[in-house]
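These are the residues of each chain, in order.
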Amino acid sequence: MTTGMDLRHTALGNRRARQGSRAVRLSLAAVLIASATAQGHAATSWQTHETDAVAALPEPEEGSAFSGGSMSCAEQKWSLALSPTADAEDAAMAGPAVLTVDRNAYPSEAEKEEDGSYSFALGKDVIEPLKRGNRLAIAFGDAEPVARFSLRGSRRAITAVAERCTPRTLPTANRILLTAYSSYLPLARSLREADIKAFTASTSSKPSLAAAMLDLDGGKRLLFTELCGSSWYYGITGCNITAFAPDATDEAGWRAVLDIEGAAVYADPATGTLGWPDISTLPVKTEGDGQTWQWNGNAYALRQDERMADGGEESD
């Protein structure tokens, strides 16, 4: 069972790992940009690295604040790296940014790297538009775009990058290990009593039950419960996971704050909201890069960029 102490001890290591991974991607991007420019390939269309999950953007339109850029993917996370021109105004290129593909805008955040370049995290919702669009514009805040790039050849290049992108991995220490031998099994059985009865009535069999408690700072707790049985009832994994948080206003003293299909569940100590860590899930019987759930003030909801990519609407 993962504890609050385990999460705090792994936070620093997780941040260092992410920083190292980003440094590698930026290094590859710089090599690709330089190589493509030297060969004269970057002037008209996107170009893909021979072996790595990196693609170089074409030269920007005249008057751009950036001299070149690249798009990369690692552990199913996409990013854009841009190199500023010698006379670019640094003060105007930081913080909230907007990437516009044709007429559709996608919010991002610009972060200046040690080598002077700028990196932009890309949500899943912008990947397909970048493939089929004609033009990419980059602006900061409400200002006019500071750079524009052609998207000629982007579909082929981005598709190649996606095929080479490494699968998502999460620290083993952050995994929530549900077990049928947990001391919290009686509480879990009580909270899932209605679900167990409904499953039994529909399948004429009883589901297996597992549980795990996650203790957090400030007295916060999350009780994870898992029911497994027929895949006809619970979907392809044959399991359902429901997490509960203490609630003094509820008769049972707990209320459900997360309900998902069976998956490998991880709590991320490095990110969270109001003391509640982000919850990430990785599929156990299907392919995919998993999902991330964030606390919305009342319960866990799918992270906004993933919700929009799945065709959902932004919540208030």
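Data block above holds the structure.
Residues numbered from 1 in each chain as written. Predicted model: local features only at pLDDT ≥ 70, side-chain atom pairs only at ≥ 80, totals over all residues. Heavy atoms only, no water.

Hydrogen bonding along the main chain pairs the strands of a sheet, whether they run parallel or antiparallel. The strand order across the open sheet formed by 4 strands is S14-S15-S16-S17, and the pairing between neighbours is antiparallel. The strands lining the two open edges of the sheet, one partner per strand, are strand S14 (264-273) and strand S17 (300-302). Strand-to-strand, the axes of this sheet are offset by a mean angle of 30 degrees, without reference to chain direction. Bridge count for strand S15 (residues 276-282) against strand S16 (residues 291-295) is 3 bridges, and the pairing is antiparallel. Residue pairing across strands places Ile279 opposite Trp293, the latter belonging to S16. (Pairing = 2+ DSSP bridges. Helix = DSSP H or I, 4+ residues; strand = E, 2+ residues; numbered from the N terminus. Axes fitted to C-alpha atoms, helices over the stretch in contact; angles between N-to-C directions.)

As a further point, take the sheet that holds strand S12 (residues 239-246). Ordered by their spatial adjacency, 4 strands build an open sheet running S10-S11-S12-S13, and the pairing between neighbours is antiparallel. The open sheet has two free edges, formed respectively by strand S10 (208-215) and strand S13 (254-261), since each of these has just one partner strand. Strand-to-strand, the axes of this sheet are offset by a mean angle of 20 degrees, without reference to chain direction. As judged from the 6 bridges shared by strand S11 (residues 221-228) and S12, these two strands associate in the antiparallel manner. Directly across from Leu223, in S12, lies its bridge partner Phe244.

Take the pairing of S14 next. Bridge count for S14 against S15 is 7 bridges, and the pairing is antiparallel. Paired with Tyr266 across the bridge in S15 is Ser280. The turn linking S14 back onto S15 is made up of 2 residues, and Leu274 within it adopts a positive phi angle of 55 degrees.

Look at Asp102: it is not a glycine, yet its phi comes out positive at around 55 degrees. Position of Asp102 among the secondary structure elements: in the loop between strand S5 (95-101) and strand S6 (104-112). Classification of Asp102 as partly exposed rests on a relative accessible area of 38%. Backbone geometry places Leu274, a non-glycine residue, at a positive phi of 55 degrees. Position of Leu274 relative to the elements: it lies in the loop between S14 and S15. (Buried < 20%, exposed > 50% of the residue type's maximum accessible area, 1.4 Å probe, protein only.)

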